[in-house]
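Residue-level listing of the chains:
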Amino acid sequence: MEKPKECFKTSVGGQALMEGIMMRGPEKICVAVRKPDGGIDLTYEDVKHHKWEDIPLVRGAVSMIQNLVLGYRYLMHSADVSMGEEEVEEPSKLDKWLTEHTGPRFQSFLMALAAVTGGMLAIVLFMVLPTAIVGGVDKLIPLGYGKVILEGILKIAMFVLYLFLCTRMKEIRRVFEYHGAEHKTIACYEAGQELTVENIRQHSRFHPRCGTSFMILVLIVSILLFSILPWISTSLRVVLKLLLLPAVMGVSYELIKLAGRYDNLATRIISAPGLWLQRLTTFEPDDSMIEVAIEAVKPVLPHRPEDGLW
């Protein structure tokens, strides 16, 4: 049976969580998490709009940091809800002290710091480590311009291997199944169909407007941009890469918006690596996961689809 075609491209999107999904629309955010008793917990939040969202290139880097912070907060929330009160571990002495002696603002700051720190560790792993490895090899065996090629291969290989290993973990695989439910639900909405389990199941779990596509684009753009940087020393190259990282994220964000807004040969080429990589970050969901996705997306949909166009 032929799958329904896309009628429009929406800015509505989301993130898979522990036994749940976060959906974000033009004005609202909704987090839906499956509780141990089978019910669905719903949490709502207003979307805060900022001037930087209209500044090309700048919005990419800022958006990534914002998504890291929000994503970490929603992930912790989903873990608490999905485990239930009986399975929640006893708070540590540090957690008790922070609760008793600090306010919500400071605790939010610590949460943001933890999210950004996690993001920085990922940057070190996928951006800095390949450079350090190639720099070490070059001292033993002079590679010439081959350093740039080997660095790019290592960067992509490490990222793909990391995602593959994640799929071997039962809990992470379930998160990736919820990721598939999120994509299929958005695709159903973009096809103008009623959001039912039966309709959603027809759609593909692959979607061009996805965080996975953004991450692989960041790596590809960084490889192309950093290929023209002089390799005077490994340490200097690492510093230059970190300084240029906001520009890389900015360019990647604009490319993902372009690929999500238009459908032609160029945008299909841009989307291809991300769609391929989604074979590792999305899996077919069961009906209960699709039900969670429906509950998460309905409250954030604009009254008119054209109000939420990508």
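What this report covers is the structure whose coordinates are included nearby. (Residues numbered from 1 in each chain as written. Predicted model: local features only at pLDDT ≥ 70, side-chain atom pairs only at ≥ 80, totals over all residues. Heavy atoms only, no water.)

**Things to note about a nonpolar patch on the surface**
On the surface, a cluster of nonpolar side chains totalling about 680 Å² of accessible area is made up of Leu125, Leu129, Ile133, Val137, Leu140, Ile141, Leu150 and Tyr162. When residues in the nonpolar patch are grouped by element, the largest group, five residues, is from helix α3 (residues 104-140). Within the secondary structure layout, leucine 129 lies in helix α3. According to the relative accessible area criterion, leucine 129 is partly exposed, its value standing at 36%. (Patch = residues over 30% accessible without salt bridge, like charges linked within 9 Å, V, L, I, M, F, W, Y side chains within 5 Å. Areas by Shrake-Rupley, 256 points an atom, 1.4 Å probe, with all protein chains shown as cover. Salt bridge = Lys/Arg side-chain N within 4 Å of Asp/Glu carboxyl O. Helix = DSSP H or I, 4+ residues; strand = E, 2+ residues; numbered from the N terminus. Buried < 20%, exposed > 50% of the residue type's maximum accessible area, 1.4 Å probe, protein only.)

**Some remarks on the packing of helix α4 (residues 146-167) against helix α5 (residues 170-190)**
At a closest axis distance of 7 Å, the pairing of α4 and α5 adopts a crossing angle of 100°. One finds that α4 runs roughly perpendicular with respect to α5. Of the residues in α5, those in contact with Leu163, Cys166 and Thr167 of α4 are Ile172, Arg173 and Phe176. A class-by-class count of the residues in the contact of α4 with α5 yields four nonpolar, one polar and one charged. (Axes fitted to C-alpha atoms, helices over the stretch in contact; angles between N-to-C directions. Parallel < 35°, antiparallel > 145°, perpendicular 65-115°, else oblique. Contact = heavy atoms within 4.5 Å. Nonpolar A, V, L, I, M, F, W, Y, C, P; charged D, E, K, R; others polar.)

**A short note on the environment of leucine 277**
Along the chain, leucine 277 falls in helix α9 (residues 265-281). Between the C-alpha atom of leucine 277 and that of methionine 215, which follows or precedes it by 62 residues, the distance is 9.9 Å. Among all residues touching leucine 277, those that are not within four sequence positions of it are Phe159, Val160, Leu163, Thr212 and Ile216.

**Let's talk about the pattern of salt bridges**
Applying the stated criterion across every chain yields a total of 13 salt bridges. With a closest N to O distance of 3.4 Å, arginine 73 and glutamate 45 form a salt bridge. You can see arginine 73 sitting in helix α1 (residues 58-87) and its partner glutamate 45 sitting in strand β4 (residues 40-46), a full 28 residues away along the chain. The class of glutamate 45 is partly exposed, set by a relative accessible area of 25%. Among the salt bridges present, the one from lysine 184 reaches glutamate 284, with a minimum N-O distance of 3.1 Å. With lysine 184 in helix α5 and glutamate 284 in the loop between α9 and α10 (287-297), this residue pair connects regions lying 100 residues apart in the sequence. Accessibility expressed as a relative area gives 42% for glutamate 284, which makes it partly exposed. Overlapping salt bridges, with partners in common, bring together Glu151, Arg237 and Lys241 in one network.

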